[in-house]
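Here is how the chains run, residue by residue.
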Amino acid sequence: MYYIPEWNRHTVAHFPNKDQTTDYIRLQETLPALSAFTICISTRIPYNGVISFFSYAVPNNNNEILIHSLKPNKMRVFVKTFKDQNINFGFHDNKWHQLCLAWQSRGGLYTWFVDGEMRYNGTGLQTGSKTKAGGVIILGQEQDKVGGGFDRTQSFYGSMNGLYIWDRYLNQIPECPTNANIYSWGINPRPNFHGATYTTTPWNNNCQKT
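Residues numbered from 1 in each chain as written. Predicted model: local features only at pLDDT ≥ 70, side-chain atom pairs only at ≥ 80, totals over all residues. Heavy atoms only, no water.

**Things to note about the pairing of strand β11 (residues 136-139)**
Stage number 1. Taking every second residue as pointing to the same face, both faces of β11 are buried, with V136 and I138 on one and I137 and L139 on the other.
Stage number 2. In the sheet, strand β2 (residues 24-26) pairs with β11 via two bridges, with the strands oriented antiparallel. Paired with R26 across the bridge in β11 is I138.
Stage number 3. Examined bridge by bridge, strand β4 (residues 51-58) and β11 share four bridges and lie antiparallel to one another. Bridge pairing in β11 places A57 opposite V136. (Buried < 20%, exposed > 50% of the residue type's maximum accessible area, 1.4 Å probe, protein only. Helix = DSSP H or I, 4+ residues; strand = E, 2+ residues; numbered from the N terminus. Pairing = 2+ DSSP bridges.)

**Observations regarding the side chain of N188**
Stage number 1. Among the secondary structure elements, N188 is positioned in the loop between β13 (183-184) and β14 (192-194).
Stage number 2. With a relative accessible area of 15%, N188 lands in the buried category.
Stage number 3. Polar side-chain contacts of N188 include one of 3.2 Å to the side chain of E29.
Stage number 4. In contact with N188, not counting residues within four places along its chain, are W7, E29, I182 and Y183. (Polar contact = N/O pair within 3.5 Å; in protein donor to acceptor, adjacent residues only side chain to side chain. Contact = heavy atoms within 4.5 Å.)

**Section: the pattern of salt bridges**
Stage number 1. If you walk through the whole model with that rule in mind, you get one salt bridge.
Stage number 2. In this structure, K80 engages E64 in a salt bridge whose closest nitrogen and oxygen atoms are separated by 2.6 Å. Note that K80 is positioned in the loop between β6 (74-79) and β7 (81-85) and E64 in strand β5 (residues 61-71), a separation of 16 residues in sequence.
Stage number 3. Of the residues examined, K80 reaches a relative accessible area of 21% and is grouped as partly exposed. (Salt bridge = Lys/Arg side-chain N within 4 Å of Asp/Glu carboxyl O.)

**As for the sheet that holds β11**
Stage number 1. Reading across from one edge, β7-β6-β5-β4-β11-β2-β14 is the order of the seven strands in this open sheet, with antiparallel pairing throughout. The open sheet is flanked by β7 and β14, the only strands paired with a single partner. The sheet shows a mean angle of 15 degrees between the axes of neighbouring strands, direction not considered.
Stage number 2. Strand direction decides the pairing type here: β6 and β7, joined by five bridges, are antiparallel. Counterpart to R76 in the pairing with β7 is D84. (Axes fitted to C-alpha atoms, helices over the stretch in contact; angles between N-to-C directions.)

Structure representation (structure tokens):
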């Protein structure tokens, strides 16, 4: 009999195929309209390259929210439109790191955090705007149409654990979050795994840094 690992906060998702469109996770949940949010995800990345972490697409905008790495020293965030940061966050080292993005409509403020530390502050990203409700959330691929249109050169390769989403801008990030008011890894229903596999470990990789 095929063993199905338990779905809980210790669950680790594995994306085993580099430069492929076959590996991704589709959440059962969608998002409400948001004037602020914080998204945190723990990752272990064994290579330097273009990486799509989190993609939220709605009709008429494939990049309503997108967390994306163009190369080791360049991050890209979309909230309807994009901003690039030429900063080396240092997480392409095959070790566990927590990456967080906080955004709010007021002032278009957005902040990058790595392992709980603020690494970059920016302004002017969709000031006075709200993200749309009812879209599709994909982990590990970038959507060029709602629910699909993946590009193998933008796929995720490595492991993920601990996705948490809040409907507010957090100026301090919990080191080991266990509950968020929109989405909590291992508490919300198990998402749909496509190509990606998952295992359950005896520790919480959201806190594991080795």
